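# A closer look at the structure
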Amino acid sequence: DGTFFLIGRQGALCGNINYAEGKFWASEHAVVAITLKKHDTFWLGELLRMMNLNQYSNAAAQPGLAVERIKLLRIPVPPYEEQIWIASWLKNAIIKNEKMVIEVSKKYLPNMAKGFTDPRVKIFNGDGAEYVKSRKGEFDVIIVDSSDPVGNRRGRRERLYSLWGGFFICDI
């Protein structure tokens, strides 16, 4: 139990950062990172994402990231309170970006954005995992039909699944 960030260890997702909360199962294709001191998990995960850990993979037909290679990286660590502030700022920036994508879609892709006017549609801009976590028992099935997450959006599917612990269907 806890909150962790995972580092993709092999293949196309080598070096990518994802998040997991609560109980979860990780395969040998992920490195489960645990902080030994008090650090904000989201801040540290995003810092590692910006460091582009894939650059430390072994160049081969299937890239692989050795723990021995990344555990020696030096990381500047601000005070915990500053980590919290940075993480909060990043989360707000992500939400603002998601709102902008909806507005741009309505303006420039009106045929594709027709669904936004359907009365059955409720748009929630924020952390989907937190939204579902606060409404345990309200959903029988969660269906995610989105583009592949890139950049700061990576890891939300995995985090949502580990929090909900029920049926989860998505287009991977």
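Now for a quick tour of the structure. Bear in mind the structure is a predicted one, so any value in this text is a computation, not a measurement. (Residues numbered from 1 in each chain as written. Predicted model: local features only at pLDDT ≥ 70, side-chain atom pairs only at ≥ 80, totals over all residues. Heavy atoms only, no water.)

A word on unusual backbone geometry. Unlike most non-glycine residues, Asn 52 shows phi in positive territory, near 55 degrees. Position of Asn 52 among the secondary structure elements: in the loop between helix 1 (41-50) and helix 2 (67-70). Asn 52 gets classed as partly exposed once you look at its relative accessible area, which sits at 43%. (Helix = DSSP H or I, 4+ residues; strand = E, 2+ residues; numbered from the N terminus. Buried < 20%, exposed > 50% of the residue type's maximum accessible area, 1.4 Å probe, protein only.)

Our next topic: the side chain of Gln 83. If you trace the backbone, Gln 83 turns up in helix 3 (residues 80-108). Within polar-contact distance, the side chain of Gln 83 engages the side chain of His 39 at 3.2 Å. Sequence-distant contacts of Gln 83, that is, excluding residues within four places in its chain, are made with His 39, Asp 40, Trp 43, Val 77 and Pro 78. (Polar contact = N/O pair within 3.5 Å; in protein donor to acceptor, adjacent residues only side chain to side chain. Contact = heavy atoms within 4.5 Å.)

Our next topic: the packing of aromatic side chains. To describe a pair of aromatic rings, one takes the distance between the centres and the angle between the planes. If you walk through the whole model with that rule in mind, you get two aromatic pairs. Over the face of the ring belonging to Phe 42 we find Lys 91, whose NZ or CZ atom lies 5.0 Å from the ring centre. In this structure, Lys 106 packs its charged tip against the face of Phe 116, placed 5.6 Å from the ring centre. (Phe/Tyr/Trp six-rings, centres within 6.5 Å; stacked < 30°, edge-to-face > 60°. Lys NZ or Arg CZ within 6 Å of the ring centre and 35° of its normal.)

Spatially, the three strands line up as an open sheet ordered 2-1-3, and their pairing is antiparallel. The outermost strands of the open sheet, each flanked by one partner alone, are strand 2 (17-21) and strand 3 (30-33). Here the average twist between neighbouring strands, direction ignored, is 30 degrees. Pairing of strand 1 (residues 3-8) with strand 2, which is carried by five bridges, proceeds in the antiparallel orientation. Each bridged residue has a counterpart across the sheet, and for Thr 3 the counterpart in strand 2 is Glu 21. The sheet strands contacting helix 1 are strand 1 and strand 2, and the helix crosses strand 2 at an angle near 160 degrees. (Pairing = 2+ DSSP bridges. Axes fitted to C-alpha atoms, helices over the stretch in contact; angles between N-to-C directions.)

Taking burial as the measure, the 10 residues of helix 1 include eight buried ones, the bulk of the element. For helix 1, the full list of buried residues reads Thr 41, Phe 42, Trp 43, Leu 44, Gly 45, Glu 46, Leu 48 and Arg 49. You can read the cap of helix 1 off the contacts: a side-chain oxygen lies 3.2 Å from the backbone nitrogen of Phe 42, and it is on Asp 40. Immediately beyond the C-terminal end of helix 1, within one or two residues, lies Asn 52, with a positive phi of roughly 55 degrees.

Take the environment of Met 51 next. Relative to the helices and strands, Met 51 resides in the loop between helix 1 and helix 2. Each C-alpha atom, one on Met 51 and one on Leu 73, is 10.0 Å from the other, the two residues being 22 residues apart in sequence. Among all residues touching Met 51, those that are not within four sequence positions of it are Tyr 56, Leu 73 and Ile 75.

Now for the packing of helix 1 against helix 3. Running from N to C, helix 1 and helix 3 cross one another at 70 degrees; their axes reach a closest spacing of 8 Å. The orientation of helix 1 relative to helix 3 falls into the category roughly perpendicular. Contacts between helix 1 and helix 3 involve Phe 42, Trp 43 and Glu 46 from the first element and Gln 83, Ile 86, Ala 87, Leu 90, Lys 91 and Ile 94 from the second. When its residues are assigned to classes, the contact of helix 1 with helix 3 shows six nonpolar, one polar and two charged. (Parallel < 35°, antiparallel > 145°, perpendicular 65-115°, else oblique. Nonpolar A, V, L, I, M, F, W, Y, C, P; charged D, E, K, R; others polar.)

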